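Structural description and commentary
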Amino acid sequence: MLGLIARRLFTALPTLFLVITAAFFLMRAAPGNPFQGERQLPPEIEARVMAKYGFDRPLIVQYGTYLADVAHGDLGPSLKYKDKSVGDVLKENFGVSLVLGLSALIVAGVTGIALGIAAALRQNRSADYLVMAVAVAGVCIPTFVTAPLLVLLFASTLQWLPNAGWNNGALPNLILPVAVLALPQIAIISRLVRAGMIESLRSNFVRTARAKGLPDCRVVLRHALPPALIPVVTYLGPACAGLLTGSLIVERVFALPGLGKFFVISALQRDYTVVMGMVIVYAALILALNLLSDLIVAALDPRVRLS
Amino acid sequence: MRAAVLILAAMLVLSGCSPKASTAACAPGRICLRMGNGADPATIDPQKINGVEEDNIVGSAMMGLTTEDVNGNVIPGIATRWQTSPDGLIWTFHLRDAKWSDGVPVTADDFVFGLRRLLDPKTVAEYGYLLYFIQGAQAVNEGKAPLEALGVTALDARTLQIKLLHPAPYLLQLTKHQTMYPAPRHIVERYGETWTKDHYVSDGPYVIQTWKLGDYIHATKNPLFFDAKNVCIDDVYFYPISDSISAERRVRRGELDWNIDIQSNRIARLRKEIPDYVHTNTWLGTTYIAFNAQVASLKDKRVRHALSMAIDRDFITKKLLRGGQSSAYNFTPPGVANYAPVQVPPWASWPYEARQAEARRLLAAAGFGPDHLLKIEITHRNTPDPSLIMSAIQSDWTSIGVQVSLAPEEGQIAYQSYRSRAFQIADAGWIADYNDPKSFLDQLQSKTGTMNYGDYNNPAYDSLLDQADHENDIAKRAALLARAEALMLEDAPFVPIYFYVSKNLLNPKITGFGPNIADRHRIRWMCVKS
Amino acid sequence: MSRTAILLAAAAPRGRSLWDDARARLLGNRAAVAGLFVLALLFLAAVFGPALTPWRFDAVNKNDVWADPLTHGHILGADSLGRDLLARTLMGLRVSLAVGVVATFVSLVIGIAWGTTAGYVGGRVDEAMMRIVDVLFSLPFVFFVILLMVAFGSSIVLMFLAIGAVEWLTMARIVRGQTRALKSREFVEAARAAGLTAHQIVLRHIVPNLLGPVVVYVTLTIPGVILAESFLSFLGLGVRPPMASLGSLIANGAQDMELAPWLLIDPALIMAATLMSFNFIGDGLRDALDPKDR
């Protein structure tokens, strides 16, 4: 187990390095720079700003300096938000994305598993078809369609929930964004669980358990479910990536102060340092979650050797 | 599993049943205003701000020598009275006994400090050029003279003197503008450039308390403000909401009290459904497209005129936008102060088909036709209104036989390519910094440099503007400026399309919101009807 | 519809009975058959539709701004510029399907090349190549696609490449696994004994036998790619106006949904139908080719 963690951490470093390098040069390849707004900047002043941030030096030197700074944990100042450092931006907004992502993950997990079990137990009956229809719809309708439709229904028409806004994470403000984020994941997870359950319900150890006269509920939860969950846990990494992608849209539609909202804006406005900071955080997050899902798989299924 | 489903259901039921939209924490007994304010400010440092959104925030905290009333008129601010020398070159302002929000007196020196800081090349403020009519300002801003060379002096703690290069009837307009806000010298010198983070003090009606990036900025009433007893609203929350449609839904729902924008083509519908929420008003701004002077095919004046004629401005204003915008055939909007009527091109009143015919004739005369296609690209901002309009113009030009492609860009990147002349045809907008035709016409002077996107260069035009600068008689000055504009329109370095309107969506329970041509609505005048 | 299945069967070099079985199972799957039928219709509409509509997809009709469906000669109504929605939807469908198919093809080419090489050569090379795939897998790829579009400007070609370059990873993994399994099969051994080079063996014996899993993967990747494109369009990084894709139409429609709901509903329905068809066919194919998973 420790070996696995060590090895993963060992590969994580080159991965991060790759991420930083690719993002750095891509960002710099984009035309334009962050210091120009609608107003003209006199050339001598522009030169001064460029020098202040080191942009007058060769790109490769800037790259080296940036790597060294990152190694020291310094992500630099935000180029767009002059009163804030990248650290500030991440600190102020990461929490929102985290709450959003985790809530969606939990909701998607619980709902997806429940629906998957229900569908598997009633295989090829109407409940199964209903669940699978919902699942297909969940994968086929883009987040940015469900989001405005739900807003129109629950906020504008029924007036049950607020249209948008964070409001310090109040529950009513969270429901719609979390639902929108979770929906595609529910679809995928319920399909995975259904397939896994059908297989494990047919397997010998479940038959044995049933034959021993254990109550149905117990058989399902204790014996059939754990192996059926393995694909779900393996899916945790991609699910996290999916949630991040979704959060780019959801945070925008619901005006939530999370990182996703800033990513596209910052990229378009050439706020190099903020973009880099976010890419690093997201890459680290995905790496960590992949490791976590590997560990959980190992715990769930003793047959999996951690090699 | 059943338990989990039950918990989930309970969660949904519990939270889903709250009948009222929850609002940002507004403590009981306090009067709050929640406004949608476009985007997050890039900074709240008074000398570094640029945009309208930034001034909405900083301008509610900072107060200059003068300020604006409900209708945007100049009224005394920190200065109570002022006089000017007979030649209009020396202005003297007398300051009231005002205090910063930390109790330190506001002095004339804070204004000197603020102006020097704005023009100090080290500050990298982008707006300094606006004050180049002050003695020494340009030299200081370009780093060619020490800060002390600026013609602004504190005669004593409560008297400020400003020396100008030429008379400027718009100086009072600028004394309320963000470029002339004071800076709290005692704070800035102590905490340095990052004073805005934890040590923000202000001399206006509000004090900025917290700034949660992407979430909100919270400001509270400043008890030390000189007119604090007449300030009604206790707490202001500025929300960065770039999506004006989402903001519209939130205002209707009561989650916000005010949003500073409405998407144009939704105004007609809103007027029907919630007429008392919609506030549109003449605004000093013009949308136009500029021709790059380096592009060979656009060097021919006939081509530029043809393209201008072929734009169906009435379709754009009356059918696409429908927000009260008016078709523009000249640059300076109606309603601007100190101005005389401008002669617009004669074809402005022709029927559209006649204009199209004439445009085709001009193009043919310039040598373009089916066998020699005019091919051009329009670079435009990717926001809703420009995207809509440029598609319409693309279609208009296609119908006179021009091949047009569109290149949408993020606003900032679009303007950048205009400045570096990396465009053929540019979509741009101009909003006056002060209510005077010069705020528009200056942009087309040959010495303006990169902001003169079409590199318009006509010595006669420049000379008329110079003469106007040194003309003390307002009417004569206006005539000179109008002649300059007519001259420029005949040269057609660019095409005016429509005049802006300001578009605010405001809950009718908010009072103290007056129509004003600058679209600056100071919160100190507002209140909430109970 | 059944032509696809016949083509699949004809393309398979051996095990004809297996393919016959698969075809029978696929045709017995009602959802998959319906999917094939709908998809065929959609493809026909995308190919021939734009030429058959009375309106050009980019023509601004000045009197038809937000025309209701079935007025002014617009069957599905018109958008905020008076452009015919039917013409735009058909053009959007064409663009989305093209993006889906081409980007998937890009991922297919890279994935097969990478996967067969790793699987067939094996050993250290395999380990290194698959480790690279692992590393790439853990990158936040959406962000890179966004950065790519920002850096080089949005264009359809770049979109093909960017999305294709993201999707090949799964393909490589699947192909590598299959290749390793096939490598030890007797017909490959026989080919090797007959003196064929590795290159020939891979092209003639391995690649054709990958068809099954690859077809399944392709039908499931295309909808993913179409979604990815619509995601980029929503962020304003997709196709350039006045060109349309289903994604850009939906993104615009969502803006105006209170004023003109059809602008959202029509393209959204077409998109859902497209994605569902692909998903049903993909599921059907998987079940048909790998009966154990049913």
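Residues numbered from 1 in each chain as written. Chains lettered and ligands numbered in written order. Predicted model: local features only at pLDDT ≥ 70, side-chain atom pairs only at ≥ 80, totals over all residues. Heavy atoms only, no water.

A tally of regular secondary structure across chain B gives 17 helices and 19 strands. Its C-alpha atoms give chain B a radius of gyration of 25 Å, near enough to 24 Å, the size a compact globule of 530 residues would have. Taken along the three principal axes of its C-alpha coordinates, chain B extends 80 × 70 × 35 Å. Out of the 530 residues in chain B, the part that is buried amounts to 61%. Roughly 19400 Å² of accessible area belongs to chain B as shown, and the carbon and sulfur atoms make up 55% of that amount. Chain B carries 55 positive and 57 negative side-chain charges, and their two centres are separated by 4 Å. (Helix = DSSP H or I, 4+ residues; strand = E, 2+ residues; numbered from the N terminus. Rg over C-alpha atoms; globule rule 2.2 N^0.38 Å. Buried < 20%, exposed > 50% of the residue type's maximum accessible area, 1.4 Å probe, protein only. Areas by Shrake-Rupley, 256 points an atom, 1.4 Å probe, with all protein chains shown as cover. Lys, Arg positive; Asp, Glu negative; His and termini not counted. Charge placed at Lys NZ, Arg CZ, Asp CG, Glu CD.)

Let us look at the overall build of chain C. For chain C, the count of helices and strands is twelve helices and zero strands. With respect to the three principal axes, the spread of C-alpha positions in chain C is 75 × 45 × 30 Å. With 294 residues in all, chain C has 52% of them scored as buried. Contacts in chain C between residues far apart in sequence, at least 24 positions, make up 70% of those at least 6 positions apart. (Contact = heavy atoms within 4.5 Å.)

Let's shift gears to the side chain of T67 of chain B. The topology assignment puts T67 of chain B in strand β2 (residues 66–68). Contacts of T67 of chain B, omitting those with residues within four sequence positions, involve N73, V74, I75, P76, G77, K176 and R524 of chain B.

Time to look at the pattern of salt bridges. All chains considered together, the criterion is met by 47 salt bridges over all chains. Measuring nitrogen to oxygen at the nearest pair gives 3.0 Å for the salt bridge that ties R302 of chain B to D300 of chain B. Each member of the salt-bridge network shares a partner with another, and the members are E248, R249, R252, R266, R269 and E273 of chain B together with E258 of chain C. (Salt bridge = Lys/Arg side-chain N within 4 Å of Asp/Glu carboxyl O.)

Moving on, we get to the sheet that holds strand β5 (residues 90–95) of chain B. Residue and element names in this part refer to chain B. The sheet built from four strands is open, its strands ordered β4-β5-β7-β6 with antiparallel pairing. Here the strands that pair on one side only, and so sit at the sheet edges, are β4 (79–84) and β6 (152–156). On average, each strand axis in the sheet is inclined to that of its neighbour by 20 degrees, with strand direction left out of account. Bridge count between β5 and strand β7 (residues 159–163): five bridges; the pairing is antiparallel. Each bridged residue has a counterpart across the sheet, and for F93 the counterpart in β7 is L160. Seen against the sheet, helix α3 (residues 108–119) touches β5, β6 and β7 and runs at an angle of roughly 170 degrees to β6. (Pairing = 2+ DSSP bridges. Axes fitted to C-alpha atoms, helices over the stretch in contact; angles between N-to-C directions.)

Accessible area lost on assembly of the parts is the figure often given for the size of an interface. The interface of chain B with chain C comprises 23 residues on the first partner and 17 residues on the second. Carbon and sulfur atoms make up 52% of the surface buried where chain B meets chain C, a total of about 1700 Å² over both sides. Between chain B and chain C we count four salt bridges in total. Its salt-bridge partner being E258 of chain C, residue R249 of chain B comes within 2.8 Å of it at the nearest N-O pair. The interface formed by chain B and chain C contains six residue pairs in polar contact (both at pLDDT 80 or more). Those elements that place two or more of their residues in the side of chain B that touches chain C are α8 (244–253), α11 (313–321), α13 (384–398) and β15 (402–409) of chain B. A per-element tally of the side of chain B that touches chain C places α13 of chain B first, with six residues. For the side of chain B that touches chain C, the class distribution of residues is nine nonpolar, five polar and nine charged. (Buried area = accessible area lost by both parts, 1.4 Å probe. Polar contact = N/O pair within 3.5 Å; in protein donor to acceptor, adjacent residues only side chain to side chain. Nonpolar A, V, L, I, M, F, W, Y, C, P; charged D, E, K, R; others polar.)

Time to look at helix α14 (residues 411–419) of chain B. Among the nine residues of α14 of chain B, eight are classified as buried, and the element is accordingly described as predominantly covered. Within α14 of chain B, the full set of buried residues consists of Q412, I413, A414, Y415, Q416, S417, Y418 and R419 of chain B. Packed against the buried residues of α14 of chain B are α11 (259–268) of chain A together with β14 (374–381), β15 and β16 (425–431) of chain B. Where α14 of chain B terminates, the next one or two residues include R421 of chain B, which has phi positive at roughly 60 degrees.

Here we come to unusual backbone geometry. For residues other than glycine, phi is negative in most cases, and the peptide bonds are mostly trans. Residue and element names in this part refer to chain B. The backbone of N338 shows a phi angle near 55 degrees, a positive value even though the residue is not glycine. Within the fold, N338 resides in the loop between β13 (326–327) and α12 (352–365). Located in the positive-phi region is D519, a residue other than glycine, with phi close to 55 degrees. Inspection of the secondary structure assignment puts D519 in the loop between β18 (510–511) and β19 (527–528).

Examined against the element boundaries, G111 of chain C turns out to sit in helix α4 (residues 85–121). When the C-alpha atoms of G111 of chain C and G164 of chain C are compared, they prove to be 9.6 Å apart, with 53 residues separating the residues in sequence.

Residues and elements named next belong to chain B. Taken as a whole and assessed by the stated rule, the structure comprises two disulfides over all chains. Across the disulfide from C26 sits C32; the S-S distance is 2.0 Å. Linking C26 and C32, the disulfide has an S-S dihedral of approximately 95 degrees and is accordingly described as right-handed. A relative accessible area of 34% places C26 in the partly exposed class. In this structure C32 comes out as buried when scored by relative accessible area, which is 10%. Here C232 connects covalently by a disulfide to C527, the sulfurs 1.9 Å from one another. (Disulfide = S-S within 2.5 Å.)

Residue and element names in this part refer to chain B. Assessed through its relative accessible area of 9%, D519 is described here as buried. D519 sits 447 residues away from G72 along the chain, and the two C-alpha atoms are 7.6 Å apart. Sequence-distant contacts of D519, that is, excluding residues within four places in its chain, are made with W283, S502 and N504. In this structure the side chain of D519 is engaged in a polar contact, spanning 3.0 Å, whose partner is the side chain of N504. There is a polar contact of 2.7 Å between the side chain of D519 and the side chain of H521.

The next point concerns the nonpolar core. Counting 235 residues, the largest nonpolar core has M197 and F263 of chain A, F93 and L160 of chain B together with I146 of chain C as the members making the most contacts within it. Residues contacting M197 of chain A, with those up to four places away along its chain left out, are I117, A120, V220, A224, L225 and A228 of chain A. By size, the runner-up hydrophobic cluster in this structure holds 49 residues, among which are V303, A310, I389 and V404 of chain B. (Core = buried A, V, L, I, M, F, W, Y, C linked by side-chain atoms within 4.5 Å.)

Moving on, we come to helix α10 (residues 211–234) of chain C. Taking 1.5 Å per residue, 24 residues should reach 34 Å; α10 of chain C reaches 34 Å between its end C-alpha atoms and fits that length. Positive phi appears at G236 of chain C, one or two residues downstream of α10 of chain C, with a value of about 85 degrees. (Expected span 1.5 Å × (residues − 1).)

Here the structure, examined in full by the defined rule, presents 32 aromatic pairs over all chains. Ring centres of F331 of chain B and F494 of chain B lie 4.8 Å apart, and the angle between their planes is 75 degrees; this geometry places the pair in the edge-to-face category. Residue F331 of chain B is located in the loop between β13 and α12, and its partner F494 of chain B is located in strand β17 (residues 494–506); the two are separated by 163 residues in the primary sequence. Accessibility classification places F331 of chain B together with F494 of chain B in one group, the buried group. Aromatic ring contacts, followed pair by pair, group F24, F25, Y63 and Y66 of chain A into a single cluster. In this structure, K84 of chain A is placed above the aromatic ring of W211 of chain B, and the distance from its NZ or CZ to the ring centre is 4.4 Å. Sitting over the ring of Y120 of chain C, K183 of chain C keeps its end group 5.9 Å from the ring centre. (Phe/Tyr/Trp six-rings, centres within 6.5 Å; stacked < 30°, edge-to-face > 60°. Lys NZ or Arg CZ within 6 Å of the ring centre and 35° of its normal.)

All names here are of chain B. Across the five residues that make up strand β10 (residues 235–239), a large majority, five, are buried. As judged from the five bridges shared by strand β1 (residues 32–36) and β10, these two strands associate in the parallel manner. For L33, the partnering residue across the bridge sits in β10 and is V236. Sheet analysis places strand β9 (residues 216–221) next to β10, joined by four bridges and oriented antiparallel. Residue pairing for β10: H218 is matched across the bridge by Y237.

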